[in-house]
Amino acid sequence: MQEKQHPEKGHYFTLPGGKQDPGETLLETLKRECLEEIGAEITAGRLLHVAEIYRKKADHGERQHQLDFVFECKVPDDYEPVLGSHPDPHQIATRWITAENAQQIRPAYVTKLFSLGCRRDHEVYLGPFDD
């Protein structure tokens, strides 16, 4: 997980990810973002979940609509959590977390997935969430 410290949001964790470049597939985006943010050359598996996120943008107060695609991924056996070459703003570290940290995961649907064990036997489409 990405560990972040924000002046207004405080301390929290997020999954790696980001904007898709023109002409890039979802899997290409996933691999690039993981390499840039957590320094991992991942092996992408199946699509587990899709969520819609609605969040207010601080600079102009408008709501932004975002689609999140959560894939099953594997890192090499010898992977040690590190900051990638282009970490997210406010990202201070990359680390494995435990259930004790689950309430600090953002957006909220990830906390729900974490508590369910991120298994595929739950609905793929998770619906809308405010963040």
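Before any of the text, the structure's been laid out above.
Here goes a summary of the coordinates provided. (Residues numbered from 1 in each chain as written. Predicted model: local features only at pLDDT ≥ 70, side-chain atom pairs only at ≥ 80, totals over all residues. Heavy atoms only, no water.)

It is worth spelling out the sheet that holds strand 2 (residues 10-14) at this point. Read across the open sheet, the 3 strands follow the order 2-1-5; overall the sheet is antiparallel. Strands with a single pairing partner mark the edges of an open sheet, and in this sheet they are strand 2 and strand 5 (91-94). Going from strand to strand, the sheet's axes swing by 25° on average, the running direction of each strand aside. Across 5 bridges, strand 1 (residues 2-6) lies against strand 2 in antiparallel orientation. (Pairing = 2+ DSSP bridges. Helix = DSSP H or I, 4+ residues; strand = E, 2+ residues; numbered from the N terminus. Axes fitted to C-alpha atoms, helices over the stretch in contact; angles between N-to-C directions.)

Moving on: helix 1 (residues 26-38). In a regular helix each residue adds 1.5 Å, so 13 residues correspond to 18 Å; helix 1 covers 18 Å between its end C-alpha atoms and thus fits that length. Turning to helix 1, the residues buried within the fold contact strand 1, strand 3 (43-56), strand 4 (63-74) and strand 5. Directly beyond the C-terminal end of helix 1, a positive phi value near 65° is found at G39. (Expected span 1.5 Å × (residues − 1). Contact = heavy atoms within 4.5 Å.)

This part takes up the nonpolar core. A51, I105, Y109, L126 and F129 are the most contacted members of the largest nonpolar core, which has 13 residues in total. Within the residue set of this core, elements represented by two or more residues are strand 3, helix 2 (108-116) and strand 6 (125-130). One finds I38, A40, I42 and Y79 within the second-largest nonpolar core, a separate group that totals 7 residues. (Core = buried A, V, L, I, M, F, W, Y, C linked by side-chain atoms within 4.5 Å. Buried < 20%, exposed > 50% of the residue type's maximum accessible area, 1.4 Å probe, protein only.)

With that out of the way, let us pick up the environment of I92. Note on placement: I92 falls in strand 5. Separated by 87 residues in the primary sequence, I92 and Q5 place their C-alpha atoms 6.7 Å from one another. If we ignore the near neighbours within four places in the chain, the residues touching I92 are E3, K4, Q5 and L83.

What follows covers a nonpolar patch on the surface. A surface patch of nonpolar side chains, about 250 Å² in accessible area, is lined by L26, L67 and F69. Structurally, L26 can be placed in helix 1. L26 gets classed as partly exposed once you look at its relative accessible area, which sits at 35%. (Patch = residues over 30% accessible without salt bridge, like charges linked within 9 Å, V, L, I, M, F, W, Y side chains within 5 Å. Areas by Shrake-Rupley, 256 points an atom, 1.4 Å probe, with all protein chains shown as cover. Salt bridge = Lys/Arg side-chain N within 4 Å of Asp/Glu carboxyl O.)

What follows concerns unusual backbone geometry. Outside of glycine, negative phi angles account for most residues, and trans bonds account for most peptide bonds. Cis geometry marks the peptide bond from R106 to P107, where omega comes out at -10°. Position of P107 relative to the elements: it lies in the loop between strand 5 and helix 2. Its identity is not glycine, yet H90 carries a phi of approximately 75°, on the positive side. Assignment of secondary structure puts H90 in the loop between strand 4 and strand 5. Judged by its relative accessible area of 36%, H90 falls in the partly exposed class.

We now examine the side chain of H6. Of note, H6 is situated in strand 1. For H6, a relative accessible area of 15% translates into the label buried. Of note is the side chain of H6, whose polar atom sits 2.9 Å from the backbone nitrogen of E8. In contact with H6, not counting residues within four places along its chain, are Y12 and H90. (Polar contact = N/O pair within 3.5 Å; in protein donor to acceptor, adjacent residues only side chain to side chain.)

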